[in-house]
Amino acid sequence: MAKPTPLQFRNILVAVLAAAGFVWSVVAGLPWWVSAIVGCACVLSLASAYLNRPGANG
């Protein structure tokens, strides 16, 4: 398995923080749109980490 690039590591870190923020926003009872925005940030960070994997330039 290839070692993650610094960009992938950053994206995975942001995804983990966004997932924690999503859980917190749901538990704290914030408006649904706040949870949706944070959830989208998590999904986009994971997608970016996947698309920036080594060997994905083909």
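Everything below is about the structure shown above.
Scoring rules and cut-offs
The residue numbering used here restarts from 1 in each chain and proceeds along that chain's sequence as written. Side-chain atom pairs in this predicted model are given and counted only at pLDDT of 80 or more, local residue features only at pLDDT of at least 70, and totals for whole chains, interfaces and linings cover all residues. Only hydrogens and water are set aside when side-chain values are computed; all heavy atoms of the structure are taken into account. Classification of ring pairs rests on two measures: the distance between centres of Phe, Tyr or Trp rings, Trp counted by its six-membered ring, which must be within 6.5 Å, and the angle between planes, read as stacked under 30 degrees, edge-to-face over 60 and tilted in between. Lysine and arginine charges are scored as sitting over a ring when NZ or CZ, respectively, is within 6 Å of the ring centre and within 35 degrees of the ring normal. A run of H or I in DSSP becomes a helix once it reaches four residues, and a run of E becomes a strand once it reaches two; helices and strands are each numbered from the N terminus. Each residue after the first adds 1.5 Å to the expected span of a helix. Here a residue-residue contact requires only that any non-hydrogen atoms of the pair lie within 4.5 Å. Patches here: salt-bridge-free residues with over 30% relative accessible area, like charges joined within 9 Å, nonpolar side chains (Val, Leu, Ile, Met, Phe, Trp, Tyr) joined within 5 Å. In this description, accessible areas are obtained by the Shrake-Rupley approach with a 1.4 Å probe, and a residue is regarded as covered only by the protein chains that are shown. Salt bridge criterion: a side-chain nitrogen from Lys or Arg within 4 Å of a carboxyl oxygen from Asp or Glu. The classification of residues rests on relative accessible area computed with a 1.4 Å probe and restricted to protein chains. Under 20% of the type maximum is buried, over 50% is exposed, and intermediate values are partly exposed.

(A) Region of interest: the packing of aromatic side chains. According to the stated counting rule, one finds zero aromatic pairs in the structure shown. Arg53 extends its terminal NZ or CZ atom over the ring of Tyr50, reaching a point 4.2 Å from the ring centre.

(B) Structural detail: helix α2 (residues 32-51). In this model α2 runs 28 Å from its N-terminal to its C-terminal C-alpha over 20 residues, within 8% of the 28 Å that 1.5 Å per residue would give. The inward-facing, buried residues of α2 abut α1 (6-28).

(C) Representation of a nonpolar patch on the surface within the structure. On the surface, a nonpolar cluster with roughly 380 Å² of combined accessible area is contributed by Phe22, Val23, Val26 and Val27. Positionally, Val27 belongs in helix α1. Classification of Val27 by relative accessible area gives exposed; the value is 68%.

(D) Inspection of α1 at higher detail. With 23 residues, α1 extends 33 Å between its outermost C-alpha atoms, agreeing within 8% with the 33 Å of an ideal straight helix rising 1.5 Å per residue. Residues of α1 that are buried: Gln8, Asn11, Ala15, Ala18 and Ser25. Those residues of α1 that are buried are in contact with α2. One or two residues past the end of α1 sits Gly29, with phi positive at roughly 75 degrees.

Function cannot be read off these values alone, since they describe shape.
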